[in-house]
Amino acid sequence: MSESGAKKKGSLRELYDVFFSKSWPMWVGGILLGVGNICLFIVLKPWGASGGVKNWGDNLFNLMGGDFANMGAVNLFPYSVLCILLIMGAFAGALFSKQFALRFPPIGELFKGLFGGLLMGLGAVLGVSCTIGGFFSGWPALSMGAVVFTIGLVAGTWLAVKYLLFEINKFPKLSSGKTLSILTAGKGKGSWQPILGFVVVIIGLIIAFRYTGSSSVLAWYAAIGLYFGLVCQRSRFCVVRALREPFMSGSSKPALAVMAGILVSMFGFVVIKFMGIRGEMMWVWPHFWVPAIIGGTIFGFGMTIAGGCTVGSLWRAGEGHIKLWASIIGMMVAMPFTAKFIKPAFFDALPDSMKQMFFLPEKIGYGPAVGVFLAIMLLWYLFVKWNERTGKFSAY
Amino acid sequence: MQGDVILDCKGLSCPMPILKLAMAIKKLEVGKVLEMYGTDPGSKDDVPAWCGKTGNSLLEVVDTEDGFTFFIRREK
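Below you will find a few notes about this structure. (Residues numbered from 1 in each chain as written. Chains lettered and ligands numbered in written order. Predicted model: local features only at pLDDT ≥ 70, side-chain atom pairs only at ≥ 80, totals over all residues.)

**Some points on the overall build of chain B**
To be explicit about the condition: To qualify as a helix, a DSSP run of H or I must reach at least 4 residues; to qualify as a strand, a run of E must reach at least 2; elements of each kind are numbered from the N terminus. Think of it as a crowd count around each C-beta: if 20 or more other C-beta atoms lie within 10 Å the residue is buried, if 12 or fewer it is exposed, and in between it is partly exposed, with C-beta placed from the backbone throughout. The contact criterion used is a C-beta to C-beta distance within 7 Å, with each C-beta placed from the backbone.
Looking only at helices and strands, chain B features two helices and four strands. Over its C-alpha atoms, taken along the principal directions, chain B stretches across nearly 30 × 25 × 20 Å. Residues classed as buried in chain B amount to 43% of the 76 residues present. For chain B, the proportion of contacts with a sequence separation of at least 24, taken over those separated by at least 6, is 61%.

**Observations concerning the overall build of chain A**
Cut-off, in case you're wondering: For a compact globule the rule gives 2.2 Å times the number of residues to the power 0.38, and the radius of gyration it is set against comes from C-alpha atoms.
Assigned secondary structure in chain A consists of 16 helices and four strands. By the compact-globule yardstick of 21 Å for 396 residues, chain A fits well, its C-alpha radius of gyration being 21 Å. Each of the three principal axes of chain A carries a C-alpha extent, and together these read 75 × 55 × 55 Å. Out of the 396 residues belonging to chain A, those deemed buried represent 56%.

**Some thoughts on the interface of chain A and chain B**
Formally: Residues are sorted three ways: Asp, Glu, Lys and Arg are charged, Ala, Val, Leu, Ile, Met, Phe, Trp, Tyr, Cys and Pro are nonpolar, and all the rest, Gly among them, are polar.
Counting residues at the interface gives 29 residues for chain A and 24 residues for chain B. Put simply, the parts of the chain that give the side of chain A that touches chain B at least two residues each are strand 1 (102-104), helix 7 (144-170), strand 2 (180-182) and helix 14 (322-349) of chain A. Sort the elements by how many residues they give to the side of chain A that touches chain B and helix 7 of chain A lands first, with three residues. Its residues assigned to classes, the side of chain A that touches chain B shows eleven nonpolar, eleven polar and seven charged.

**With respect to the pairing of strand 3 (residues 57-63) of chain B**
Residue and element names in this part refer to chain B. Worth spelling out the cut-off: Should DSSP find at least two bridges between two strands, the strands are regarded as paired.
In terms of strand pairing, strand 3 meets strand 4 (residues 68-73) through six bridges, oriented antiparallel. Its bridge partner lying in strand 4, Ser57 is registered against Arg73. In textbook terms, the turn of a hairpin is the stretch between consecutive antiparallel strands, and for strand 3 and strand 4 this stretch comprises four residues.

**Some details on the packing of helix 4 (residues 78-96) of chain A against helix 9 (residues 216-235) of chain A**
Residues and elements named next belong to chain A. How we decide: Fitted lines through C-alpha atoms give the axes, limited to the stretch in contact for helices. The angle between two N-to-C directions lies from 0 to 180 degrees. The crossing is said to be left-handed when, going from far helix to near helix, the turn is anticlockwise and less than a right angle, and right-handed when the turn is clockwise.
At a closest axis distance of 6 Å, the pairing of helix 4 and helix 9 adopts a crossing angle of 40°. Handedness of the crossing formed by helix 4 with helix 9: right-handed. Tallied by class, the residues present in the contact of helix 4 with helix 9 amount to 22 nonpolar, five polar and one charged.

**A few points about the sheet that holds strand 2 (residues 33-38) of chain B**
Two modes of strand pairing occur in sheets, parallel and antiparallel, and in both the strands are linked by backbone hydrogen bonds. Residue and element names in this part refer to chain B. With respect to topology, four strands assemble into an open sheet ordered 1-2-4-3, the strand pairing being mixed. Whereas interior strands pair on both sides, the edge strands pair on one side only; in this sheet they are strand 1 (5-9) and strand 3. Averaged over all neighbouring strand pairs, the angle between strand axes comes to 20°, with direction disregarded. The strands that helix 1 (residues 16-27) touches are strand 1 and strand 2; relative to strand 1, the one it contacts most, it runs at about 160°. Here helix 2 (residues 43-54) sits on the sheet in contact with strand 2, strand 3 and strand 4, set at roughly 165° to strand 3.

**A closer look at the pairing of strand 2 of chain B**
Residue and element names in this part refer to chain B. Direction of pairing for strand 1 relative to strand 2: parallel, over a ladder of five bridges. Each residue of the ladder has a partner; that of Ile6, found in strand 2, is Glu35. Note: strand 2 against strand 4, six bridges, orientation antiparallel. Residue pairing across strands places Tyr37 opposite Thr69, the latter belonging to strand 4.

**Brief notes about helix 14 of chain A**
We count it as follows: For a helix, the expected span equals 1.5 Å multiplied by the number of residues minus one. A residue's bend is the angle separating two fitted axes: one through the seven residues that end there, the other through the seven that start there.
The first and last C-alpha atoms of helix 14 of chain A sit 38 Å apart over 28 residues, in line with the 40 Å expected at 1.5 Å per residue. At Thr338 of chain A, helix 14 of chain A is deflected by roughly 50°, the largest bend along its length.

Structure representation (structure tokens):
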């Protein structure tokens, strides 16, 4: 009896370690997120990240007496619920693997987080997208605006890598100074973390379940948010790295991980759109091409300075990085104000031909449109692999 | 184990530890050892990958009270 008891414990422990002893390969995360994204689209709409954070900002400033957009309370707007549960999922993932700690960076880094977040908020609103809506979901939606937005992201990332190298050489003090890590699970400490991890997951599931009475959409958004957070944290899924590494280390792995997710999602999205299960124009934004290129560049610069895009900031916030909390605050401030005071004038100034919704299958049909996207991805793949071999564009 | 030069990356998150590591190694003499402190869980994957790619040796990774210490020898 005791023998089988010990054996059973060993097997469960083994199962636990499969998930939580080491990080998952990032491509595993890409595929799991790609599948989850299809589920979101079936439930309501594809994945988007910045809309949820904007909703937090809108609600906050409305509470303070402002007159900003009203998309619903934070607990009733699907993307807001998704983002909250995503942080919880990442928090749980970090706890399960004893990687959680409140990490306070040097003060200069906090400002970089905030500044990066402000830029991301500005770019996300002007470009009507972020790395998810305008890239990870935008490509599978077969939107050409998303391709332009991604070109902007790459340009912004490239500029920001140049800036970071300059900063480290000329102003090393900005990223050094007093730091603090608390609640760490170092050597022999932190056995409370996995226990709290279970509590967080159970609370997350209860939240999802409680929505079933009023809105099955919110219930699924909550559950998928929790799952996304866990997957992002365990696989350290990072769109910034996918776009940045060619200019830094030259590694192609993060780019391949994002491509894997896009490919999986594209398969599902095309079926959903082609069969008319959901609207064809979903996640095809009116940003082709000027808003996409300008917004993408600003967003790309901001996310690289902050060290995470919207989702990257959310899951790292759940892991306890205070710099990324600052980044989220920056986005919460910049998005409502940009939407109210800058975006209307910016869009009014543009002729219609510069702010189009460009759904490629509308022009050339579904088959060729998918072919075009696969060809773009093949070129991207060949570029990152060639660059990894030759180091042509990498910094070291 | 003890390093010749210390690089403190505590509290920093991706990509700062790796950028600082790349800069610090450039300033180190070949054969000397860098003792790098970190708290970002991402560094545990990134530092070995960086060493593999750049041909420097990761001699040891030690778990500490609040994070981990890497010992990296400059090879070329």
